[in-house]
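Observations on chain architecture
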Amino acid sequence: MKLLDGRVRWVLIFWVFLASAVAYLDRVNISIAGQAVKRAYHLSDIQLGWVFSAFVIGYALFQAPGGRLADRFGPRRVITLGVLWWGVFTALTASVPPTVSFALAVLIGVRFLLGLGEAVVYPASNRLVASWIPSAERGISNGFIFAGVGAGAGVTPPLITFILLHWGWQWSFYISALIGFAVGAVWYLLARDSPREHPWIGEAEALHIERGLPSPLQDLQARNTLPWGVILSSRSILAMALSYFCYGYVAWIFFTWFFTYLNQTRGLNLKASAFYSMLPFLGMALCSPLGGYLSDLIARRYGKRTGRCGVAACGMALAAVFIALATQVREAQLAAVVLAGGAGALYLSQSAFWAVTSDIAGASSGSASGLVNMANQTAGALTAVLFPVIRDHFGGSVAPFMAAAGLCAVGALAWAFLDPSATIQRHV
């Protein structure tokens, strides 16, 4: 296809961006509909936190296995299966009868299983990047993929609020599921696991990709995966896991409790909360590709350590400053804007985690990034439960946000211990 000559890899990245957006639509919708769900099932904030955490626990636990599946069976089939799976369980979330005595347990189970399905999408997309994207383009490509996080999560507040007000909270889940089914079907028709398998690929683009791959092409094609022990022995993987744990704790504040924070703690009405809760996700959507672009640009000029580690560390450090400053702002609207700046700064570092894992792990990129993202999502599960606990214990929202700022600082320091050029080698 002449129209796509030299651009097939970017078409696939765009569709992973859409899958990423739908994934966050399907997970964040419950935070917007949270108060309606809470009333329907007579839940406390702590119990609602368990429902939030159930998703993240399932999501965290299946990161590494999901990545290994992508390494073994390819990202095309694994992402398709994941999208269909999470669509089913998104719809089932709205189908739990509120009148049954064990409704809370069923909700927790459904959200846990939803998390299992969504867990494959980012490790599998990183395996796609390892085969399809030259190393010099991995910052911007991952930046675009994770811009889907901000796009999906940013669209969610007004969309879910509109559906909730007009048709009820259950339909917010049904519509989210239908969108996911459509995206998954097109992905299966469009994607291939490697460039040479794709009917639209041109020779020039295939050669451009192959010349820029840091891992041997035969290893990628043979799907030669590294043992788990070898991956876990990498200092860079462990340092990234620590940093991504800190990152995840902070990011999940925006995905779970930010809307409720604006509505209940800051006293904004439902529509104002929906509007201002969009701002962090807009910051994420803008800063994720910006961080990836800067990372690629600086890496080409000054090397990967400066381009990958430097951009990531600066982004997380800047996020710590913004989040700490927001605790001193009295006006609700201005506080939301400052926190949105923190979310955007945090996402300047996003693509570096994934670009580095695809560079150093090669054919095991799915497995390695799954392990790193498991740390991220484990922190997210803690956020869902700990944010209201810290808030209630210390009597206000300052303490949970200051804790988040401190974790950003720790995450920034962890990048000093990475070597983004040292590939993980199998022990001889």
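Up top is the structure these notes are about.
Now for a look at the structure at hand. Worth saying up front: this structure is predicted, and the values here are computed from it rather than measured. (Residues numbered from 1 in each chain as written. Predicted model: local features only at pLDDT ≥ 70, side-chain atom pairs only at ≥ 80, totals over all residues. Heavy atoms only, no water.)

1. Overview of the state of the cysteines
For the structure shown, the criterion picks out zero disulfides. Not engaged in a disulfide, the cysteine C287 finds its nearest cysteine sulfur in C408; these two sulfurs lie 13 Å apart. Unpaired in this structure, C408 has its nearest cysteine sulfur neighbour in C246, at a distance of 8.0 Å. Since its relative accessible area comes to 0%, C408 is described here as buried. (Disulfide = S-S within 2.5 Å. Buried < 20%, exposed > 50% of the residue type's maximum accessible area, 1.4 Å probe, protein only.)

2. Re helix α18 (residues 332-347)
Given a rise of 1.5 Å per residue, 16 residues ought to cover 22 Å, and the 23 Å separating the end C-alpha atoms of α18 matches this to within 8%. When you tally the buried positions in α18, you get twelve out of 16 residues, the bulk of the element. Buried residues of α18: A332, A335, A336, V338, L339, A340, G342, A343, G344, A345, L346 and Y347, and no others. (Helix = DSSP H or I, 4+ residues; strand = E, 2+ residues; numbered from the N terminus. Expected span 1.5 Å × (residues − 1).)

3. Let's talk about the side chain of T93
You can see T93 is positioned in helix α5 (residues 75-93). Only 2.9 Å separates the side chain of T93 from the backbone oxygen of F89, close enough to count as a polar contact. The contact partners of T93, leaving out residues within four places of it in the chain, are Y41, L107, V110, R111, W169 and F173. (Polar contact = N/O pair within 3.5 Å; in protein donor to acceptor, adjacent residues only side chain to side chain. Contact = heavy atoms within 4.5 Å.)

4. Quick word on helix α20 (residues 365-394)
For α20, spanning 30 residues, the distance from its first C-alpha to its last is 41 Å, which sits close to the expected 44 Å at 1.5 Å a residue. At L386, α20 shows its maximal kink, close to 40°; a proline, P388, follows between one and four residues later. Within α20, 21 of the 30 residues are buried, which leaves the element mostly enclosed by the surrounding structure. Positive phi appears at G395, one or two residues downstream of α20, with a value of about 70°. (Bend = angle between axes of the 7 residues up to and from the residue.)

5. Comments concerning the packing of aromatic side chains
Any pair of aromatic rings gets described here by the distance separating the centres and the angle formed by the planes. Counting across every chain of the model gives 23 aromatic pairs. For the pair F14 and F17, a centre-to-centre distance of 5.9 Å together with 25° between the ring planes defines the contact as stacked. Placement of the pair is F14 and F17 together in helix α1 (residues 8-32), with a separation of three residues, close to one helical turn. Taking the relative accessible area as the measure of exposure, F14 reaches 43% and is therefore partly exposed. Measuring from ring centre to ring centre gives 4.6 Å for Y122 and F146, while their planes differ by 25°; the resulting arrangement is stacked. Residue Y122 is located in helix α7 (residues 121-132), and its partner F146 is located in helix α8 (residues 138-167); the two are separated by 24 residues in the primary sequence. (Phe/Tyr/Trp six-rings, centres within 6.5 Å; stacked < 30°, edge-to-face > 60°.)

6. Observations regarding the packing of α1 against helix α6 (residues 103-118)
Axis separation between α1 and α6 bottoms out at 11 Å; the angle between their running directions is 160°. The angle between α1 and α6 falls in the class roughly antiparallel. Where α1 crosses over α6, the two elements pack in a sense that is left-handed. Each of A23, D26, R27, N29 and I30 in α1 lies in contact with α6, whose residues at this interface are R111, L114 and E118. A class-by-class count of the residues in the contact of α1 with α6 yields three nonpolar, one polar and four charged. (Axes fitted to C-alpha atoms, helices over the stretch in contact; angles between N-to-C directions. Parallel < 35°, antiparallel > 145°, perpendicular 65-115°, else oblique. Left-handed = near helix turned anticlockwise from the far one by under 90°. Nonpolar A, V, L, I, M, F, W, Y, C, P; charged D, E, K, R; others polar.)

7. Notes on the pattern of salt bridges
Between side chains of opposite charge, a pair can form when the charged atoms approach closely. All chains considered together, the criterion is met by nine salt bridges. A salt bridge links D71 to R127; the shortest N-O distance between them is 3.5 Å. One end of the pair, D71, is in helix α4 (residues 63-73); the other, R127, is in helix α7, with 56 residues separating them in the sequence. Judged by relative accessible area, D71 falls into the buried class, the value being 0%. Look at R127 and you get buried, because its relative accessible area is 3%. (Salt bridge = Lys/Arg side-chain N within 4 Å of Asp/Glu carboxyl O.)

8. Side note on a nonpolar patch on the surface
A cluster of nonpolar side chains, I46, W50, L382, L386 and V389, forms an exposed patch at the surface whose accessible area comes to about 390 Å². Only α3 (45-61) and α20 provide two or more residues apiece to the nonpolar patch. Inspection of the secondary structure assignment puts I46 in helix α3. (Patch = residues over 30% accessible without salt bridge, like charges linked within 9 Å, V, L, I, M, F, W, Y side chains within 5 Å. Areas by Shrake-Rupley, 256 points an atom, 1.4 Å probe, with all protein chains shown as cover.)

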